[in-house]
Amino acid sequence: VQLQASGGGLVQAGGSLRLSCAASGQSFRRYVVGWFRQAPGKERMYVGAIKLSGDTIEFADNVKGRFTISRDNAKNTVYLQMNSLRPEDTAIYYCAAGSSVIRSNFASQSAYANWGQGTLVTVSS
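Rules used in this analysis
Residues numbered from 1 in each chain as written. Predicted model: local features only at pLDDT ≥ 70, side-chain atom pairs only at ≥ 80, totals over all residues. Heavy atoms only, no water. Pairing = 2+ DSSP bridges. Helix = DSSP H or I, 4+ residues; strand = E, 2+ residues; numbered from the N terminus. Axes fitted to C-alpha atoms, helices over the stretch in contact; angles between N-to-C directions. Buried < 20%, exposed > 50% of the residue type's maximum accessible area, 1.4 Å probe, protein only. Polar contact = N/O pair within 3.5 Å; in protein donor to acceptor, adjacent residues only side chain to side chain. Salt bridge = Lys/Arg side-chain N within 4 Å of Asp/Glu carboxyl O. Disulfide = S-S within 2.5 Å.

**Student:** Explain the sheet that holds strand 3 (residues 17-24) here, please?
**Tutor:** Across a sheet, paired strands are connected by hydrogen bonds in the backbone, their directions being either parallel or antiparallel. What the four strands build is an open sheet, ordered 1-3-8-7; its pairing is antiparallel. Because the sheet does not close on itself, it has two edges, and the strands there are strand 1 (2-6) and strand 7 (67-72). Neighbouring strand axes in the sheet, compared pairwise and without regard to direction, differ in orientation by 20° on average. Two strands pair when backbone bridges link them, and strand 3 and strand 8 (residues 77-82) are joined in this way by six bridges, in the antiparallel orientation.

Printed below as a string of structure tokens:
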């Protein structure tokens, strides 16, 4: 499955953005889709994930309550809705998909075989 992340941009602190992760090549309804981000000069970090068969969703503590994940099966797309954005949310955001990711590995980058190209989110103060 090929992934295309989009929706990044420049937003003021307190604002919102919605990122999209569109899949092509095959349906990924049985996959886990994870979101990760890499801030300038830092390691890529886990943001959250959704298990598309069953709707299990989890988030990293630093975005919990501000970010949500949803999906549109007809469009083969997963969304990351980001609210109450902070300057520290500035990063390149990546979506990834894996067909055999178990719950305890949602945050493990090596569990995901397919990655999108990333989309830049910049939050100004």
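Okay, back to it.
**Student:** Can you help me understand the side chain of Arg37 in this one?
**Tutor:** Mapping Arg37 onto the fold places it in strand 4 (residues 32-38). When its relative accessible area of 10% is taken as the criterion, Arg37 is described as buried. A distance of 2.8 Å separates the side chain of Arg37 from the side chain of Asp89, its partner in a polar contact.

**Student:** What exactly am I supposed to notice about the pattern of salt bridges here?
**Tutor:** Oppositely charged side chains can pair when the atoms bearing their charge come close. Here the structure, examined in full by the defined rule, presents four salt bridges. Note that Arg103 and Glu58 form a salt bridge whose closest N and O atoms lie 3.0 Å from each other. Of this pair, Arg103 sits in the loop between strand 9 (91-98) and strand 10 (114-115) while Glu58 sits in strand 6 (residues 56-59), placing them 45 residues apart in sequence. When the shortest N-O distance is used, the salt bridge between Lys64 and Asp61 registers 3.0 Å. The same class applies to Lys64 as to Asp61, namely exposed.

**Student:** Help me out: how do you make sense of the state of the cysteines in this one?
**Tutor:** What is meant by a disulfide is a covalent connection between two cysteines, made through their sulfur atoms. Across all of its chains, the model carries one disulfide by this definition. Paired by a disulfide, Cys21 and Cys95 hold their sulfur atoms 2.2 Å apart. Taking the torsion about the S-S bond as the criterion, the Cys21 to Cys95 disulfide, at about 75°, is right-handed. Of this pair, Cys21 sits in strand 3 while Cys95 is found in strand 9, placing the two residues 74 residues apart along the sequence. Cys21 sits in the buried class, given a relative accessible area of 0%.

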